[in-house]
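Reading the structure
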Amino acid sequence: MNLTTTLHGKSFTFRDVKDVLARANEEKSGDKLAGVAAQSSLERVAAKQVLANLLVSDLREHPVVPYEHDDVTRIIQDGVDEQVYAEIRNWSMAELRHFLLDTASTEAMIRRISTGLTSEVVAGVCKLMGNLDLVYAASKMRVPATCNTTIGLRGTYSTRLQPNHTTDSVPGVTASLLEGLSYGCGDALLGLNPVNDSVGTMTEILKRFAQIKQEYAIPTQTCVLAHIKTQIEALKQGAPMDMIFQSIAGSQKGNEAFGFTTQTVQEARALLKSHGTSRGPNVMYFETGQGSELSSDAHYGADQVTMEARCYGYAKAFAPFMVNTVVGFIGPEYLYDSRQVIRAGLEDHFMGKLSGVPMGCDCCYTNHMQADQNDVENLALLLAVSGVNFTIGVPAGDDIMLNYQTNAYHDAAAIREVLGLKPIAEFDTWLEKMGITRDGKLTELAGKPELIFGR
């Protein structure tokens, strides 16, 4: 394994595989904060050159967090298809990149090869790709999943309708929910982030979601994104629950900082199978975001892209219905500006799809970042071209509870029309029946829930 190269007459030697991965990463403020970033553009290119010549086996045999210390590493490593891995273990990372971008490589071929990859390999090949490479490679892959309906089929583009409210007021949540439905949002999920992480609050909102879903015969899924332990308790007490949510990290230590363990996720999934209200089989929802492991000092000196890839390797083990990166939520300490946010969104989507999870994205930013609404609209459009399963929709693009900005309710309809995409089939039929869309386009009733729902 060669960790040395010469570029423009200057010699570069990297400490180990983890060091190569970190310094080959595109510029990220979080890597600078962690002290693992390349010191110059020349060093970054040198690291990419070394990385391109490393073998798939080199990256698999040197995980960034030791196998014996971390259950995320163990889940990823133990989940590899050894027969497929044996076929590709001596491929260089450059050869893997070529395979993914080759026009002769079909979706079935890529999906098979992906079962022989660890997350470090997925992150490594991502670092060798430009933005258009990430769009093109991701567009070749689809990862569908089924809860009540099926997300991620080719030709579809879905949304999570996020009707957050500053006080968890059920009438306020209802108003926002009906507005979002009137714009054609919500085929992936009606999903709220609660202010109050309590069984009572989430049960009250879940019952309201279930009532509206039943009253108007809406073919979709519902979730209240409380802590996983709160959701487990609510489910035990009889709350109507289609799926269970949790934010996850790329290391065991990071997950423990989020207040849960792998056993917690296993318990939640088993409980949903027996007591949940969806038909499944995919009943888990995970969110991620580059930099979360650094926040909890759980990154083990690895870069944020590699740790993010490990989130997807971990998520895959639980066959989720939805996974999404909240790409700009943490702030400029991790992704400084729009260039870094857009790059991270494309990286995360590609890595999620190559890892085999049904991948979406919350295209977001905070007001102290060097980004604006145009940037997240650009990212949403690029991701839709890439075949993203879903994005998020909130009123006017402004989440007044989480105090961040993302895509607006009406963005999805515009993207669908521009790209010729549709919502999930049953939801598309429902929209036409309710008069919200006609021939795939919003009607004059769009944004007027009082005319559609009579309240």
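Everything that follows concerns the structure shown earlier in this document.
Moving on, we get to the pattern of salt bridges. Applying the stated criterion to the full structure yields 25 salt bridges. The salt bridge partner of Arg-89 is Glu-61, with a shortest N-O separation of 2.9 Å. Of this pair, Arg-89 sits in the loop between helix H6 (82–88) and helix H7 (93–101) while Glu-61 sits in the loop between helix H4 (56–60) and helix H5 (71–78), and the two are 28 residues apart along the sequence. Taking relative accessible area as the criterion, Arg-89 reaches 28% and is therefore assigned partly exposed. The shortest N-O distance in the salt bridge between Asp-303 and Lys-127 comes to 2.7 Å.

Before going further, it helps to spend a moment on the side chain of Thr-230. Tracing the backbone shows Thr-230 in helix H13 (residues 228–236). Setting aside its immediate chain neighbours within four residues, Thr-230 contacts Asp-197, Ser-198, Val-199 and Met-202.

Within this structure, the stated rule accounts for eight aromatic pairs. Ring centres of Trp-91 and Phe-99 lie 5.4 Å apart, and the angle between their planes is 55 degrees; on these two criteria the pair is classed as tilted. The class of Trp-91 is partly exposed, set by a relative accessible area of 23%. When its relative accessible area of 12% is taken as the criterion, Phe-99 is described as buried. Judged by centre distance (5.2 Å) and plane angle (85 degrees), the ring pair of Phe-329 and Tyr-404 falls under edge-to-face. Taken together, the residues span a long stretch of sequence, with Phe-329 in the loop between strand S10 (322–326) and helix H18 (338–355) and Tyr-404 in strand S14 (residues 404–405) at a distance of 75 residues. Judged by relative accessible area, Tyr-404 falls into the buried class, the value being 1%. Three or more aromatic residues joined by ring pairs make a cluster, and in this case those are Phe-286, Tyr-314 and Phe-318. A cation sits over an aromatic face here: Arg-60 above Tyr-85, 4.5 Å from the ring centre.

With that settled, the discussion passes to the pairing of strand S5 (residues 158–161). Regular strands have side chains that alternate between both faces of the sheet. Side chains Ser-158 and Arg-160 of S5 all project onto a buried face; the interleaved residues Thr-159 and Leu-161 project onto the opposite face, where all are buried too. Of the pairings in the sheet, the one linking S5 to strand S12 (residues 390–393) comprises four bridges and is parallel in character. Residue Thr-159 lies in a different strand from S12, and its bridge partner there is Thr-391. Pairing between S5 and strand S6 (residues 189–192): two bridges, direction parallel. Looking across to S6, one finds that Arg-160 is bridged to Leu-189. A crossover links S5 with its parallel partner S6, the connecting element being helix H11 (residues 170–182), and its sense is right-handed.

Right, let's get into the packing of H11 against helix H12 (residues 199–215). Where H11 contacts H12, the two axes come as close as 11 Å, and the packing angle between them is 40 degrees. Taken together, the axes of H11 and H12 are oblique relative to one another. Viewed along their axes, H11 and H12 form a crossing whose handedness is right-handed. Facing H11, whose interface residues are Val-170, Val-173, Thr-174, Leu-177 and Leu-178, H12 presents Glu-204, Arg-208, Phe-209 and Ile-212. Here the residues of the contact of H11 with H12 sort into six nonpolar, one polar and two charged.

Rules behind the numbers
Residues numbered from 1 in each chain as written. Predicted model: local features only at pLDDT ≥ 70, side-chain atom pairs only at ≥ 80, totals over all residues. Heavy atoms only, no water. Salt bridge = Lys/Arg side-chain N within 4 Å of Asp/Glu carboxyl O. Helix = DSSP H or I, 4+ residues; strand = E, 2+ residues; numbered from the N terminus. Buried < 20%, exposed > 50% of the residue type's maximum accessible area, 1.4 Å probe, protein only. Contact = heavy atoms within 4.5 Å. Phe/Tyr/Trp six-rings, centres within 6.5 Å; stacked < 30°, edge-to-face > 60°. Lys NZ or Arg CZ within 6 Å of the ring centre and 35° of its normal. Pairing = 2+ DSSP bridges. Right-handed = clockwise from strand over helix to strand, strands pointing away. Axes fitted to C-alpha atoms, helices over the stretch in contact; angles between N-to-C directions. Parallel < 35°, antiparallel > 145°, perpendicular 65-115°, else oblique. Left-handed = near helix turned anticlockwise from the far one by under 90°. Nonpolar A, V, L, I, M, F, W, Y, C, P; charged D, E, K, R; others polar.

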